[in-house]
Amino acid sequence: MNTRWNRLVLIFFLASFPAFSAPVRVAVVPAENRTGDTNLDYIGDLLFNQLTVELFRCRDLELFERGRADLVFREQRLSPETLSDIRTAGPADLIVEGAFFSDPEGEKKSIELTARWLCETGGDKSVRREISSFEPAAILSAGEELVRELPVRDLGGEAKEPGIGEIRISGKKVAVTGFNNYSPRTGYDPLQKGIIYLIEERLGRNPALEVLEREKLGEISREISLAESLGAPRPDLCLPAADLLISGCFTFAGNEFILFARIIEVPSTRIAAVFCRRAPVSEVAATVRGVVEEIGDRLAGGRATKAPAAIYPATSEALLYYARGAELYDRGEYLPAIEYFNRAVVVDPGYTFGSYQAGRIYQEYLNLPGRAAGAYRQVLAGGPDPALREKTLLRLGMLSFRRLDDPEGAAGYFEEFLDEFPDSAYRDAVLNALGDACRRRGEYARALEAYRRALDSPGFNPLRGSLLVRAGQCLYRLEDYPGARDYFQQARDDHGGEIYSSEIGSLTVTVGEEAERYLSRLK
C-alpha cells in the first residue's frame, strides 16, 4: 500500500511540471550556509560538485558553469517581473538551489534542495534530507539521495556515466583555474596546485592546445572582480581569454579519496564533461593520475595514450612531495622546491620528472649549469617517457655546449637526439648545434654533414643563411674552395640582410657581410 501511494505522489509531482523539449538547461547553485558557522561554507561548494555529477548523468540535461548559474539565480531573485520575463534574463530552464541548517545545539542537521522552474507555469518543488553530521561522507550521500528525489532526474531519460559529454572545442586556449581541498586534511593542501601542474603538463604535450599561464589567469580574474564591483555589464562570468575551463575539488570521506573535475566550454558556459573518482586514500596518486590522463585524452579527441611514469608519480607520498615542490616553485622559493622534487624521486625512483624540474631550476633560475647537467643525467638514467627524454637530451646538449664548454659531450647528446627523434620540431636547431660543436673540435667534415642535413630539410628554415655560411666555412677549412665559394655566394645573394650568429652569442654582422669576408679571401 505504501509503495502504491509513493507512486501516486511521484506521478502527481511530475505532472505539475511542464513538458520541455530536450535538452533542459539547468543552473546549479551552491547550497547556502544557514548554520552561522562560516567554517562550513565549503559544504555548499562540495554539494554543488556532487549535484553537478549526479545531474550530469541525465542524458537530456545541459548544465551551466557555476558563474552563469549564480547570475541566473540572482536575476531570478531580484527581478520583480513575471517568471516568463525572468526566463529571458537568463538561459536556464530551471535552477537547482539549496541550503543547509543546524539547530543551536548542533544535534540535528539537514540539507534542503529546491527545483525552481523558470517558465510561465510551474513552480518550486523541494526535497529535504536530515543527516547526522556535516562530514563529507554524509554530505555526499545526502546529495546523491536528494537528486534522486528531484523530478529533474526523471526528465533526463536514460542515465549515463560522468565524463562522456561531447566536448565542442571551438578554440585552442585552455585555462586550468583551480582544484580546492574541501577536507580538514591540510597536509594535502599542496595537491591544490599540484593537480593543476599535472594537467598543464599533460595538455602541454598536445600541440593543438595552448595552456594559459597562471599569471595571466590572475590578471583576468582581477579584471572580472573589478568589473563586478563597478556594476559593469558582462555577457558571462567566465574567463574571456579561454575557450575551455578546467576546475574541480577533492575531499576525503573516511578512508576514501574523492576527486571531482569538470570541463566547461566558453562562451556558452556549458559543462561539457564531468569526472568523479572515488578510491582508497592509499590510491591518491593513481586516482589523480587517471583523471589527469582522462582529461588529456578527452581534449585530444578520445585517442588513448599510456600515462607516462615520468610525469605522474606512482605513490601518494611522491605526489605530495611533487605538489609541495610545485607550490614552492610557483612562489619563487627555488631551493626548497628542489628539495621537495628530489624527495619525490627518492620515494619513487621512477618519477624522473622530479629530477627534470630540479634541473630546470638549477639551469634557469640559480645559474648552476653543473648541477643542472647532473639532474638531467639522472632523468636519462631513469628511462623517462619519450617526450621527457626528448626535452632532456635537448637541454643537456645545449647546456654542455654553451655553458660547460664540453663540445664533445654535446655532440654525443645531439647525435643521440637525432637518432631517437628524427622528426622532432627541434631537428634543424639540433643539427645546427651539432655542426657548431663539431666545428669547434676541428671536425669539419662531420660538421659539414650536419649543416647539409639541416639545409636539406623541407620547409622554411630561419637559420638557412647562417647554415650556408657555416657550410662554406667547413669547405674552406677542408680546402674545397670552389664548393665554399658556391655556399658563400648563395648566402650573400639569398640571405645577405639576415643577422649572422656565431655558435656563441650573436655578432653584429649580417650573413652577407660574413660571406663577403670569406669570398674576398678566395679571390
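Along every chain, residues carry numbers that run from 1 in the direction the sequence is written. Under the rules for a predicted model, residues below a pLDDT of 70 receive no local features and side-chain atom pairs below 80 are neither given nor counted, while totals for whole chains, interfaces and linings still include all residues. Excluded from the side-chain calculations are hydrogens and water; all other atoms, namely the structure's heavy atoms, are used.

Enquirer: Help me understand the overall build of the protein, please; the structure alone is not making it clear to me.
Expert: In this text, helices come from DSSP runs of H or I with a minimum length of four residues, and strands from runs of E with a minimum of two, each type numbered from the N-terminal end. Tallying secondary structure elements over the protein gives 20 helices and 13 strands in all. Any two residues having at least one pair of non-hydrogen atoms within 4.5 Å are treated as being in contact. Here the analysis covers contacts within the protein between residues at least 6 apart in sequence; of these, 61% occur between residues at least 24 apart. Residue-level accessible areas treat just the shown protein chains as cover; the underlying method is Shrake-Rupley with a 1.4 Å probe. Here the protein displays about 24200 Å² of accessible surface, and carbon together with sulfur accounts for 49% of that area.

Enquirer: Is there a simple way to explain the state of the cysteines in this structure?
Expert: One way to say it: the disulfide is the covalent bond shared by the sulfur atoms of two cysteines. A pair of cysteine sulfur atoms is labelled a disulfide when the two atoms are within 2.5 Å. Taken as a whole and judged by the stated rule, the model has zero disulfides. Counting only cysteine sulfurs, Cys438 is the nearest neighbor of Cys474, a cysteine outside any disulfide, at a range of 8.9 Å.

Enquirer: How should unusual backbone geometry be read in this particular structure?
Expert: In terms of backbone geometry, most residues other than glycine have negative phi values and most peptide bonds are trans. A positive phi angle is found at Asn367, which is not glycine, with a value near 55°. By secondary structure assignment, the location of Asn367 is in the loop between helix 12 (352-364) and helix 13 (369-381). The backbone of Asp405 sits at a positive phi, close to 50°, despite the residue not being glycine. The residue Asp405 is located in the loop between helix 14 (386-402) and helix 15 (407-420) in this model. Accessible area is worked out with a 1.4 Å probe on protein chains only. A residue is then buried under 20% of its type maximum, exposed over 50%, and partly exposed in between. Accessibility expressed as a relative area gives 56% for Asp405, which makes it exposed.

Enquirer: Sorry, what's going on with helix 18 (residues 464-477) here?
Expert: One turn of the α-helix equals 3.6 residues, which is why residues spaced by three or four share an orientation. Multiplying one less than the number of residues by 1.5 Å gives the expected span of a helix. Compared with the 20 Å implied by 1.5 Å per residue over 14 residues, the 20 Å span of helix 18 between its first and last C-alpha is a close match. Judged by how many residues are buried, helix 18 sits mostly within the fold: 11 of 14 residues are covered. Residues of helix 18 that are buried include every one of Gly465, Ser466, Leu467, Leu468, Val469, Arg470, Ala471, Gly472, Gln473, Cys474 and Leu475, and no others. Turning to helix 18, the residues buried within the fold contact helix 16 (427-440), helix 17 (444-455), helix 19 (481-495), strand 12 (499-501) and helix 20 (511-522). Immediately beyond the C-terminal end of helix 18, within one or two residues, lies Glu479, with a positive phi of roughly 65°.

Enquirer: How do you make sense of the packing of helix 2 (residues 42-56) against helix 5 (residues 136-149) when you look at a structure like this?
Expert: Relative placement of two packed helices is described by the angle separating their axes and the distance separating the axes. For the pair helix 2 and helix 5, the least separation of the axes is 9 Å and the interaxial angle reads 40°. Here helix 2 is positioned oblique relative to helix 5, judged by the angle of their axes. Of the two possible hands of crossing, helix 2 and helix 5 adopt the one that is right-handed. Residues Ile43, Leu46, Leu47, Gln50, Leu51, Glu54 and Leu55 of helix 2 form the contact with helix 5, whose own contacting residues are Pro136, Ile139, Leu140, Gly143, Glu144 and Val147. Here the contact of helix 2 with helix 5 is composed, by residue class, of nine nonpolar, two polar and two charged. Fitted lines through C-alpha atoms give the axes, limited to the stretch in contact for helices. The angle between two N-to-C directions lies from 0 to 180 degrees. For classification purposes, an angle smaller than 35 degrees is called roughly parallel, one larger than 145 roughly antiparallel, one from 65 to 115 roughly perpendicular, and anything else oblique. For any helix crossing, the convention is left-handed if the near helix is rotated counterclockwise from the far helix by under a right angle, and right-handed if that rotation is clockwise. Here the term charged refers only to Asp, Glu, Lys and Arg, the term nonpolar to Ala, Val, Leu, Ile, Met, Phe, Trp, Tyr, Cys and Pro, and the term polar to all other amino acids, Gly among them.

Enquirer: Looking at this structure, how should I read the environment of Asp493?
Expert: If you trace the backbone, Asp493 turns up in helix 19. Spatially, the C-alpha atom of Asp493 lies 9.8 Å from that of Gly465, the residues being 28 residues apart in sequence. A polar contact of 3.3 Å, which involves the side chain of Asp493, links it to the side chain of Arg492. Side-chain atoms alone can form a polar contact between residues adjacent in sequence; in general such a contact is a pair of N or O atoms within 3.5 Å, and within protein one must be able to donate a hydrogen while the other accepts it.

Enquirer: Whenever I open this one, the pairing of strand 10 (residues 256-265) confuses me. Can you help?
Expert: Along a regular strand, successive side chains alternate from one face of the sheet to the other. Counted residue by residue, strand 10 has nine buried out of 10 residues, so it is predominantly covered. Two strands are counted as paired when DSSP detects at least two bridges linking them. The sheet contact formed by strand 9 (residues 244-253) and strand 10 spans 10 bridges and is antiparallel. Looking across to strand 10, one finds that Ala253 is bridged to Glu256. What sits between strand 9 and strand 10 in their antiparallel hairpin is a turn of two residues, with Gly254 showing a positive phi close to 65°. Sheet analysis places strand 10 next to strand 11 (residues 270-280), joined by 10 bridges and oriented antiparallel.

Enquirer: Looking at this structure, how should I read the confidence of the model for the protein?
Expert: Any region with low pLDDT has predicted coordinates that should not be read closely. pLDDT: the predictor's confidence for each residue, scored from 0 to 100. Per-residue confidence for the protein averages 82 on the pLDDT scale, and 79% of its residues sit at or above 70. Ranking the elements of the protein by mean pLDDT puts helix 1 (residues 2-15) last, at 42, and helix 11 (residues 334-347) first, at 96. Confidence over residues 1-20 falls short of pLDDT 50; this stretch has 17 contacts with residues more than four positions distant or in other chains. Segment residues 230-239: pLDDT under 50, and 27 contacts once partners within four positions in sequence are set aside and those in other chains are kept.

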